[in-house]
Amino acid sequence: QVQLVESGGGLVQAGDSLRLSCAASGSTLSGYMMGWFRQAAGNEREIVAYVAGSGWTYYNTAVKGRFTISRDNVKNTVYLATNSVQPEDTAVYYCAAVLDGSTWSGAYWGQGTQVTVSS
């Protein structure tokens, strides 16, 4: 069982930066694929970025070049550095963990952290 706790969300202005953190407990993160998802009001949850146990990364085209996902397996934490945020980035951001090679349908999820970007 993996427990995930996100932090770092808040109210920021367009163009600002935020760093979201996801602290894991219950298991070491090595061997897990870690992802950040987001869900805006009225929309479905969408993938933002993920990092495999190997370090390979994927980014949604909407955030590529602005957001950076990273992991620290010693601290058992995954981060999402968000730069130049825009109002359309407003959403609840969720951290997820799934064993490498598995699908997100079997993921562990955090409770989410709200990011609100004002124009």
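Whatever comes next refers back to the structure up there.
Just so you know, these numbers come straight off a predicted model, no measurement behind them. (Residues numbered from 1 in each chain as written. Predicted model: local features only at pLDDT ≥ 70, side-chain atom pairs only at ≥ 80, totals over all residues. Heavy atoms only, no water.)

(A) The pairing of strand β5 (residues 46-51), seen in detail. Of all six residues in β5, five are buried; the element is thus mostly enclosed. Here strand β4 (residues 32-39) runs beside β5; their pairing, made up of five bridges, is antiparallel. Paired with Trp-36 across the two strands is Ala-49, which belongs to β5. Here β4 folds back onto β5 in antiparallel fashion, the turn holding six residues, of which Gly-42 has a positive phi close to 80°. With three bridges joining them, β5 and strand β6 (residues 57-59) adopt antiparallel strand pairing. Its bridge partner lying in β6, Tyr-50 is registered against Tyr-58. Adjacent in sequence and paired antiparallel, β5 and β6 are bridged by five residues, among which Gly-55 carries a positive phi angle near 100°. (Buried < 20%, exposed > 50% of the residue type's maximum accessible area, 1.4 Å probe, protein only. Helix = DSSP H or I, 4+ residues; strand = E, 2+ residues; numbered from the N terminus. Pairing = 2+ DSSP bridges.)

(B) Geometry of the packing of aromatic side chains. Counted under the stated rule, the structure contains five aromatic pairs. On the numbers, 4.8 Å between centres and 65° between planes, the contact of Phe-37 with Trp-109 is edge-to-face. Separated by 72 residues along the polypeptide, Phe-37 in strand β4 and Trp-109 in strand β10 (residues 108-109) bring together distant segments of the chain. With a centroid separation of 5.2 Å and 25° between ring planes, the pair formed by Tyr-50 and Tyr-58 is classed as stacked. When its relative accessible area of 18% is taken as the criterion, Tyr-50 is described as buried. What links up through ring pairs into an aromatic cluster is the set Phe-37, Tyr-50, Trp-56, Tyr-58, Trp-104 and Trp-109. Over the ring of Tyr-94 we find Arg-45, and its NZ or CZ is 3.8 Å from the ring centre. The lysine or arginine in question, Arg-45, covers the ring of Trp-109, its NZ or CZ lying 4.6 Å from the ring centre. (Phe/Tyr/Trp six-rings, centres within 6.5 Å; stacked < 30°, edge-to-face > 60°. Lys NZ or Arg CZ within 6 Å of the ring centre and 35° of its normal.)

(C) Representation of the environment of Gln-39 in the model. Here Gln-39 is to be found in strand β4. In this structure the C-alpha to C-alpha distance between Gln-39 and Glu-88, which are 49 residues apart in sequence, comes to 11 Å. Here Asn-43 takes part through its backbone oxygen, which lies 3.1 Å from a polar atom of the side chain of Gln-39. (Polar contact = N/O pair within 3.5 Å; in protein donor to acceptor, adjacent residues only side chain to side chain.)

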